[in-house]
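Examination of the molecular architecture
The chain contents come next:
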Amino acid sequence: MVLDISNAMTPPRLEELAIAFIGDNLLQTICRGNVDGDLRLSEGVNLPQSIADPILQYLVNSLNMDTTQDESESEKLVKYIKIFTDANKCKMRRIKINKAPVSDDVVQVLCDLCEAHSLLEVDLSHSNDTNGDEKDHTPPYNHAVLLPSFIVKLCGKSLQKLILHRTFLAYSINQIMSFSGKKAKALKQDVYLTSDATLDHLVTCLSSENAPMLTSLDVSEAFIAWFITIDPENPPPLKVVDFAGYVDTRLNSTIKKILKHFVYGEEDYNLEPGKRVPLIAHSKSERKLAKYPFFKNIESATPMVKKFIKSANLESKLNDDLKYDEDYSLEPDSNFVFRQMNLLSLKNTLQQLGLFHTFLSKRDFEEIIFNLKELRVLDVAWPSQNVAATRRFRPQDITLWEILDNLPHLKSLDVSGTYYGENLYTDAEVRGTEKFLKMEKEREPLQFLGLWGTNACKLKEIEKLAEVITGDENEEQLLRCLDIYIDRKEIIMDVFTKLSRTLQQSIVQQPNLLLKLIIKCIYHYPTNDRLLFLCATNLYYLFQLKSSDFSVYQRRDIVRAVTTMLEKNQMNNMLARNCMVIFFDFDLPKDLLFDFDHIAKLILNIFDKRRDESEINFIAGNLCNAMICSMEINVKPRIRDLGFTGIMIDIIKDRLRSGVADDTLDTAWSGLWNATDETTINAEDFINMDGMSLIRQCYEKFEGRNDLRRNLMGLTGNLAEVPHLRPYLAEKQNLDVIVDLVLNAESGIEAAYNACGTLSNLLIDDSDILKDAPVDKIRSDMRKAILSWTPEVATNVNYRAFDPLLLILQCPKEPIGHLWVMWAIKSLCNRDAKYVHQVIGDGGADLIKRIKDSTEDPKTKEFAEEIYRKLIDVGGLKET
């Protein structure tokens, strides 16, 4: 089966660009500001739902990108939601706040939004973008104390879809009960829990009366699910329920405290010693007057509480749980949270049930799941590939055939990581193909079958069971896993590990789809450094393998994704290193020009802030240099506004203070050499920041570092090409350094080459700036040095244009400068034929011919004749 790649990355649509522009320029487009700092829609602005929904979504998403402002993310979210609360000016149907902070103030304004609009969908889920254990419910933000009763307000008369994935009821018993004497904010009487609360505030029974249009509910991995039940007599019209992540049937310790306190009136550790305060069937005034004994008569509880306790068999569960705690090896006979939901009341409507990573006993299957005859989609998968590792939670005596026989309308089934999948493999291997292909004869093949982490995906005829199959047998199954299991990070990480092995072997059949899915995962998990490390690794191998096949838009998508990873995970050394290494495989800076300033500032900041971490600093510094030293594209003027020169000088001063000469110091000088090449404004900045003093200090303090001295002289060569900066170089203390390197063999001949170039520019200056210098000795030393060089000297010499060299040839009074230029051009032309054509293109042929015909220096004449012959033979110059 061929995977659909019709949605492979394409240029952004005009609508997307318009939404982004509006979101980035609210006051200039659709909003006006109030004196209280809030934003409101401007007069005359009326937004349809098709525009309002995506604008708010763009604003919510921007909170994750922009954390540099004074306002907190929560405050900005409140401000954004308030824009859309006027139903007379805009229409909204969907709101999604799944990666933004949901504080008390956010919940309040969200209530206002729900009351103003007849919302169809609300998504308050938390991102699964964490590195910890899936069972770690520590919220990433200062989340509100969200009560189940709040769900009723959200549902109203119109809500069809409610997503509360990983939503927190509260952090602890302390915050729920507010026994410290400071009551929680009571913004809405039945939304926020105060010390006056009863269990009625904590329990919500969904029915056709309070949720008449609700067809989809997601409470996966949500603490709030422990306190939600469905009215067995009058259920809502739910077709989809996602109830994933309830692996442990033992009551959570916090929930025990809540339930035992409310149901039995047990003493809480925050109460004063000796006070036992039952919170059921007692008024506020009564509780304040005296001490009360434990309240154990459930029949005295309110109707809502009695319904909840009885439906969940809570009384016996609390007692049984103590025994279960003492002996963890005991096998529970059912899942408490699963059974309390009363899913059997939905047997006539429920079509999709998600139970990923949820403990299910054989009893749960036989009494509940197998009686939901209208199910079309069932997910009972587990994340781990090691089936045996969690066998106590996975009944081994349930087979795939039992599931299919009892659910006749099933079209999609996921048994990844379970014994059900292993049993399928056993059926095929032990009982033969007749039993294995039973379904093909009796019913239509499934549309989807999840077999990740089971041996069943390896069966030869497995494709006969379903149109789409996930597994780890081949690339297609793995790519399906990336697409379908985007929210299951353990599976995603395992998939990327397997894919990286195939990419290292240069095997990839669908690179466009793989690229799309990698980028999708990067944005889905922007701060999960472990998963992003795997994304970066796969992206690196994929780009190396198929970079020439990717379009300009795909390359830009890669750059944006890598920049996002790097920006959000700068302090993770391994991930930051891998991200920057990916950039080296691009055509720099060409591929980055669409967002050059942003990326350059990011890399420059890493180089600056991580100056004491050698590996990261070295990579960042070299990447900075690679981005600015292009021969074809001059981006050097743009880096001035980013403070490039100042940062490099600050790093050099830091190394001088510490007396450390390392790669960071060499990279800083190399960066300044590149930044000042044919860029006068950067050269002026260097001089104005007392850069010549730093050259002298480094020359004197750090002996024996040839790369450093080469960089110093390369920089002085760039400065010497700017006529009004030459007097600074001609000052005695600076000139002595330059002259000393001409014949200093220990410093390397590359430093001597650059020093001679600097002196050649000083010698041709019309202002006679070297009148007090020993010019004859300088010329003699230069000639001696030049004639001693071998062609290898020019290996690391590059010129974007020959204009600076040709200017020296135009000065007839300085033959030693002519000798240096001719040696340079001859060596470059012999090394690379492109320089032959460059000489002709820059108008150098006539000058070289003139020097050839007029010079009295035999070596200069010899070099000129060799160059001119090369221009004719290689460059196609017509001989005159």
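Reading the values: rules and limits
- Residues numbered from 1 in each chain as written.
- Predicted model: local features only at pLDDT ≥ 70, side-chain atom pairs only at ≥ 80, totals over all residues.
- Heavy atoms only, no water.
- Helix = DSSP H or I, 4+ residues; strand = E, 2+ residues; numbered from the N terminus.
- Buried < 20%, exposed > 50% of the residue type's maximum accessible area, 1.4 Å probe, protein only.
- Areas by Shrake-Rupley, 256 points an atom, 1.4 Å probe, with all protein chains shown as cover.
- Salt bridge = Lys/Arg side-chain N within 4 Å of Asp/Glu carboxyl O.
- Pairing = 2+ DSSP bridges.
- Axes fitted to C-alpha atoms, helices over the stretch in contact; angles between N-to-C directions.
- Contact = heavy atoms within 4.5 Å.
- pLDDT = per-residue confidence, 0-100.
- Core = buried A, V, L, I, M, F, W, Y, C linked by side-chain atoms within 4.5 Å.
- Phe/Tyr/Trp six-rings, centres within 6.5 Å; stacked < 30°, edge-to-face > 60°.
- Parallel < 35°, antiparallel > 145°, perpendicular 65-115°, else oblique.
- Left-handed = near helix turned anticlockwise from the far one by under 90°.
- Nonpolar A, V, L, I, M, F, W, Y, C, P; charged D, E, K, R; others polar.
- Expected span 1.5 Å × (residues − 1).

1. As for the overall build of the protein chain
Helix and strand counts for the protein chain stand at 41 helices and 14 strands. Scored against the burial criterion, the 880 residues of the protein chain give a buried share of 54%. Of the roughly 37,900 Å² of accessible surface on the protein chain, a fraction of 48% belongs to carbon and sulfur atoms.

2. Things to note about the pattern of salt bridges
For the structure on display, the rule yields 38 salt bridges. One salt bridge in this structure joins Arg 94 and Glu 121, with 3.4 Å as the shortest N-O distance. Of this pair, Arg 94 sits in strand β3 (residues 94-96) while Glu 121 sits in strand β4 (residues 121-123), and the two are 27 residues apart along the sequence. A network of salt bridges, in which partner residues are shared, links Asp 654, Arg 655, Arg 657 and Asp 662.

3. Thoughts on the sheet that holds strand β7 (residues 216-218)
The strand order across the open sheet formed by ten strands is β3-β4-β5-β7-β9-β10-β11-β12-β13-β14, and the pairing between neighbours is parallel. Looking at the sheet topology across the chains shown, the edges are occupied by β3 and β14 (466-470). Taken over all neighbouring pairs, the strand axes of this sheet differ in orientation by 5° on average, direction set aside. Here β3 runs beside β4; their pairing, made up of three bridges, is parallel. When the bridges of β4 are listed, Ile 95 appears paired with Val 122.

4. Quick word on helix α30 (residues 680-688)
For α30, the set of buried residues is Asn 682, Ala 683, Asp 685, Phe 686 and Ile 687. Check the buried side of α30 and you find it contacts α27 (636-640), α28 (644-658), α29 (663-675), α31 (691-701), α32 (706-720) and α33 (726-730). Of the residues trailing α30, Asp 690 is marked for its positive phi of about 60°.

5. Brief notes about the confidence of the model for the protein chain
One rule of thumb: low pLDDT means the predicted coordinates there are not for detailed reading. For the protein chain, per-residue confidence averages 77 on the pLDDT scale, and residues scoring 70 or more make up 75% of the total. A low-confidence stretch, residues 65-70 stays under pLDDT 50, and its non-local contacts, those more than four residues away or across chains, total five contacts. Note that residues 250-254 has pLDDT below 50 and, in this model, 16 contacts with residues that lie over four places away or in other chains.

6. With respect to the nonpolar core
In this structure, Phe 496, Trp 669, Phe 686, Trp 820 and Ile 848 are the most contacted members of the largest nonpolar core, which totals 155 residues. For this core, the leading source of residues is helix α38 (residues 815-831), giving ten residues. Once residues within four sequence positions are removed from consideration, Trp 820 is found in contact with Tyr 753, Cys 756, Gly 757, Ser 760, Ile 786, Trp 789, Tyr 799, Leu 805 and Ile 808. Leu 47, Leu 154, Tyr 246 and Leu 343 belong to the second largest nonpolar core, which has 92 residues in total.

7. A word on the packing of aromatic side chains
Per the counting criterion, the structure on display carries eleven aromatic pairs. With a centroid separation of 5.1 Å and 75° between ring planes, the pair formed by Trp 789 and Trp 823 is classed as edge-to-face. Separated by 34 residues along the polypeptide, Trp 789 in the loop between α36 (775-786) and α37 (803-809) and Trp 823 in helix α38 bring together distant segments of the chain. Given a relative accessible area of 7%, Trp 789 falls into the buried group. Judged by relative accessible area, which is 2%, Trp 823 ranks as buried. The structure contains a cluster of three or more aromatic residues connected by ring pairs, namely Phe 543, Phe 550, Phe 583 and Phe 586.

8. What about the packing of α32 against helix α35 (residues 749-763)?
Close contact between α32 and α35 brings their axes to 8 Å; oriented N to C, the two are set at 20°. Classed by the angle they form, the pair α32 and α35 counts as roughly parallel. As α32 runs across α35, the sense of the crossing is left-handed. Residues Arg 709, Arg 710, Met 713, Gly 714, Thr 716, Gly 717 and Ala 720 of α32 form the contact with α35, whose own contacting residues are Glu 750, Ala 751, Asn 754, Ala 755, Thr 758 and Asn 761. Of the residues that constitute the contact of α32 with α35, the class distribution is four nonpolar, six polar and three charged.

9. Overview of the side chain of Thr 758
In this fold, Thr 758 is placed in helix α35. On the accessibility criterion, Thr 758 (0% relative accessible area) is buried. Setting aside residues up to four positions removed in sequence, Thr 758 forms contacts with Met 713, Thr 716, Gly 717, Ala 720, Leu 729 and Ile 738.

10. Remarks on helix α3 (residues 49-62)
Each α-helix turn comprises 3.6 residues. Residues three or four places apart therefore point the same way. Relative to the 20 Å expected for 14 residues at 1.5 Å per residue, α3 spans 20 Å between its end C-alpha atoms, a close match to the ideal helical length. For α3, every residue scored as buried is listed here: Ala 52, Asp 53, Ile 55, Leu 56, Leu 59, Val 60 and Ser 62. Against α1 (14-24), α2 (26-29), α4 (73-83) and β3 lie the buried residues of α3.

11. Structural notes on the environment of Leu 694
In this structure, Leu 694 sits in helix α31. When the C-alpha atoms of Leu 694 and Ile 649 are compared, they prove to be 8.2 Å apart, with 45 residues separating the residues in sequence. Other than its neighbours up to four places away in sequence, Leu 694 contacts Ile 649, Ile 652, Lys 653, Leu 656 and Trp 669.

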